[in-house]
Amino acid sequence: QKEVEQDPGPLSVPEGAIVSLNCTYSNSAFQYFMWYRQYSRKGPELLMYTYSSGNKEDGRFTAQVDKSSKYISLFIRDSQPSDSATYLCAMSVLGRDDKIIFGKGTRLHILP
Amino acid sequence: DTAVSQTPKYLVTQMGNDKSIKCEQNLGHDTMYWYKQDSKKFLKIMFSYNNKELIINETVPNRFSPKSPDKAHLNLHINSLELGDSAVYFCASSQDTVGTQKQYFGPGTRLTVT
């Protein structure tokens, strides 16, 4: 089993819909959870992060972590065509020499 | 102003050649990274340097050798290129090595080995 599993998609939804993106993981030591957004032919950029379990909201974006189920989600409300990108979940164990483990990314298309 | 820059943006070369990719960050960060993103978009760390000291050295062939002349620069030299080295290579930087630090990625170098 891979450390981080993410459905690669593509996921196509109409503009204005609520989008749900998910990842599962196997390492219970992960404590820090992130979502990166990557536009085509660009580098990833950090979108949101959460520490341990719980929810975090930022505008149209909500990140959720359920450590008991080893499951994280990113919700996008009122989706826009400009949200079309690849979304990568990422996570790390807290320590000096941390490395971030990335999921494979989900390609999202918002249809106008 | 570009935060993390890489050169070249595209690199097409033949098997067996040696090539280098350069990375520079102007964010004043202490830590820099090299990542490889394969054709399936899987992003995996290769190396990290903190203040010119090698911190993370993942299981990559020793044909890959990173070099950090100062904390603002991290170069990647690849010897005897193979077809499987074709990928997009991303440089990134962060304030320090702790995994909670936001990483800033460069635009990537698309390497094609023929």
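Residue positions are given per chain, counting from 1 as you read along its sequence in written order. Here every chain gets a letter starting at A, and every ligand a number starting at 1, in the order they are written. Per-residue local features of the predicted model are confined to residues with pLDDT of at least 70, and side-chain atom pairs are confined, for both listing and counting, to 80 or more; whole-chain, interface and lining totals are unaffected and use all residues. Hydrogens and water are ignored here; the side-chain numbers use all heavy atoms of the structure.

1. Digging into the packing of aromatic side chains
Stacked, edge-to-face and tilted labels apply to pairs of Phe, Tyr and Trp rings (six-membered ring for Trp) whose centres lie within 6.5 Å, assigned for plane angles under 30 degrees, over 60, and everything in between, in that order. Tallying each qualifying case throughout the model produces 11 aromatic pairs over all chains. Ring plane angle 80° and centroid distance 6.2 Å describe the contact between Phe102(A) and Phe105(B), whose orientation is recorded as edge-to-face. Placement of Phe102(A) in strand E10 (residues 101-102) and of Phe105(B) in strand E10 (residues 104-105) is noted, with the two residues assigned to different chains. Taken together, the ring pairs connect Tyr36(A), Phe102(A), Tyr33(B), Tyr35(B), Phe90(B) and Phe105(B) into an aromatic cluster. Secondary structure counts use DSSP, requiring at least four H or I residues in a row for a helix and at least two E residues in a row for a strand, with both numbered from the N terminus.

2. Some remarks on the pairing of strand E8 (residues 73-78) of chain B
All names here are of chain B. Categorising residues by exposure relies on relative accessible area from a 1.4 Å probe, with only protein chains included: less than 20% of the type maximum marks a residue as buried, more than 50% marks it as exposed, and the intermediate range marks it as partly exposed. The side-chain alternation of E8 yields one buried face, formed by Leu74, Leu76 and Ile78, and one unburied face, formed by His73, Asn75 and His77. Should DSSP find at least two bridges between two strands, the strands are taken to pair. With four bridges connecting them, strand E3 (residues 19-25) and E8 associate as antiparallel partners. Counterpart to glutamate 24 in the pairing with E8 is histidine 73. Here strand E7 (residues 64-70) runs beside E8; their pairing, made up of five bridges, is antiparallel. Pairing of lysine 67 across the sheet is with asparagine 75, part of E8.

3. Topic: the state of the cysteines
Note on terminology: disulfide denotes any pair of cysteine sulfur atoms within 2.5 Å. For the coordinates displayed, the defined rule picks out two disulfides over all chains. The disulfide bridge from Cys23(A) ends at Cys89(A), spanning 2.0 Å between sulfur atoms. Judged by the sign of its S-S torsion, about -100°, the cystine formed by Cys23(A) and Cys89(A) is left-handed. Of this pair, Cys23(A) sits in strand E3 (residues 19-25) while Cys89(A) sits in strand E9 (residues 85-92), placing them 66 residues apart in sequence. Take Cys23(A): its relative accessible area is 2%, and that puts it in the buried class. What pairs with Cys23(B) in a disulfide is Cys91(B), and their sulfur atoms sit 1.8 Å apart.

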